[in-house]
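Read off the chains here:
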Amino acid sequence: MTTIEPGDTFLYPYPGDRKHLHIIIEKIIDKNVCLCVFVSSIRSGKGYDASCVLNAGDCSFIRHPSYVVYDKMQLFDVHHLTRMVENGQITIKERLEDSVLQRVIDGALKSKMTTNLFRKYLTKDNPGKS
């Protein structure tokens with residue numbers, strides 16, 4: 001059986017059909033969901049949220065400067081995500097090192113793009129956290 005934990009990464013077609021690297025940044029056990037963000041490439045001349053920039057070496061899938069897209073943060077049902085992994089609908093990638101995961105979480109807490117609804121799941125005093 002597949003387990004889903006913070007720091008896990010996977011390819012998922014969002015937005016649209018293009019697959020982006022997603023990162024599970026928190027698991028909310030009492031709601032059986034996980035909080036995910038996705039990573040997008042930094043493009044010359046396009047603005048981006050600089051709260052967390054990832055570079056080659058932070059994850060083997062990342063080959064050039066990229067940023068975490070906090071304004072598209074979303075909740076995934078853990079059982080649904082597990083079924084998608086087991087059915088081959090999404091591709092699991094490597095687990096992030098703890099220090100990189102912490103940078104992503106710190107960026108979420110710093111970003112003006114993170115909604116208060118999601119911000120509360122990242123605080124230390126949230127009893128539903130994994």
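Everything below is about the structure shown above.
The structure presented is a predicted model; accordingly, all values stated were derived computationally and were not measured.

About the cut-offs
Residues numbered from 1 in each chain as written. Predicted model: local features only at pLDDT ≥ 70, side-chain atom pairs only at ≥ 80, totals over all residues. Heavy atoms only, no water. Helix = DSSP H or I, 4+ residues; strand = E, 2+ residues; numbered from the N terminus. Rg over C-alpha atoms; globule rule 2.2 N^0.38 Å. Buried < 20%, exposed > 50% of the residue type's maximum accessible area, 1.4 Å probe, protein only. Contact = heavy atoms within 4.5 Å. Areas by Shrake-Rupley, 256 points an atom, 1.4 Å probe, with all protein chains shown as cover. Lys, Arg positive; Asp, Glu negative; His and termini not counted. Charge placed at Lys NZ, Arg CZ, Asp CG, Glu CD. Pairing = 2+ DSSP bridges. Phe/Tyr/Trp six-rings, centres within 6.5 Å; stacked < 30°, edge-to-face > 60°. Axes fitted to C-alpha atoms, helices over the stretch in contact; angles between N-to-C directions.

### Section: the overall build of the protein
Okay, step 1: When its secondary structure is counted, the protein shows 3 helices and 6 strands.
Okay, step 2: Its helices and strands in sequence order give the protein the pattern β-β-β-β-β-α-β-α-α, from N to C terminus.
Okay, step 3: Taking 2.2 N^0.38 as the reference for a compact globule, 130 residues should give roughly 14 Å; the C-alpha atoms of the protein span a radius of gyration of 14 Å, in line with that estimate.
Okay, step 4: Considering only C-alpha atoms, the protein reaches an extent of 40 × 35 × 25 Å along its principal axes.
Okay, step 5: Out of the 130 residues in the protein, the part that is buried amounts to 47%.
Okay, step 6: Residue pairs in contact within the protein that sit at least 24 positions apart in sequence constitute 62% of those at least 6 positions apart.
Okay, step 7: For the protein, the computed accessible surface area is about 7100 Å², with 50% contributed by carbon and sulfur atoms.
Okay, step 8: Here the protein contributes 18 positively and 15 negatively charged side chains, and the mean placements of these two sets differ by 6 Å.

### A word on the pairing of strand S3 (residues 33-41)
Okay, step 1: Most of S3 is tucked away, with 9 of its 9 residues classed as buried.
Okay, step 2: Residues of S3 alternate between two faces, with Val33, Leu35, Val37, Val39 and Ser41 on one and Cys34, Cys36, Phe38 and Ser40 on the opposite face, all of them buried.
Okay, step 3: Pairing of strand S2 (residues 19-28) with S3, which is carried by 6 bridges, proceeds in the antiparallel orientation. The partner of Ile23 across the bridge, within S3, is Val37.
Okay, step 4: Where S2 hands over to S3, the hairpin turn is made up of 4 residues, of which Asn32 adopts a positive phi near 55°.
Okay, step 5: Bridge count for S3 against strand S5 (residues 66-77) is 8 bridges, and the pairing is antiparallel. Bridge pairing in S5 links Ser41 to Ser66.

### What to know about the packing of aromatic side chains
Okay, step 1: Considering all chains together, one arrives at 4 aromatic pairs under this definition.
Okay, step 2: Centre to centre, the rings of Phe10 and Phe76 are 5.8 Å apart; their planes meet at 85°, and the pair counts as edge-to-face. In this pair, Phe10 is assigned in strand S1 (residues 9-13) and Phe76 in strand S5, connecting sequence segments 66 residues apart.
Okay, step 3: Look at Tyr48 and Tyr67: their rings are 5.4 Å apart centre to centre, the planes differ by 40°, and that puts the pair in the tilted class. Of this pair, Tyr48 sits in the loop between S3 and strand S4 (53-54) while Tyr67 sits in strand S5; the two residues are 19 residues apart in sequence, bridging distant segments of the chain.
Okay, step 4: A relative accessible area of 38% means that Tyr48 is categorised as partly exposed.
Okay, step 5: Given the relative accessible area of 15%, Tyr67 is considered buried.

### Observations concerning the sheet that holds S4
Strands belonging to one sheet form pairs held by backbone hydrogen bonds; the direction of such a pair is parallel or antiparallel.
Okay, step 1: Read across the open sheet, the 6 strands follow the order S4-S5-S3-S2-S1-S6; overall the sheet is antiparallel. Taken across any chain shown, the strands that pair with only one partner, and hence form the sheet edges, are S4 and strand S6 (91-92).
Okay, step 2: Sitting on the sheet, helix H1 (residues 78-86) is in contact with S1, S2, S3, S5 and S6, with an inclination near 105° to S5.
Okay, step 3: Across the sheet, helix H2 (residues 98-110) is in contact with S2, S3, S4 and S5; its angle to S2 comes to roughly 85°.

### A look at unusual backbone geometry
Okay, step 1: Phi is positive for Asn32, close to 55°, though the residue is something other than glycine.
Okay, step 2: Here Asn32 is to be found in the loop between S2 and S3.
Okay, step 3: Judged by relative accessible area, which is 24%, Asn32 ranks as partly exposed.

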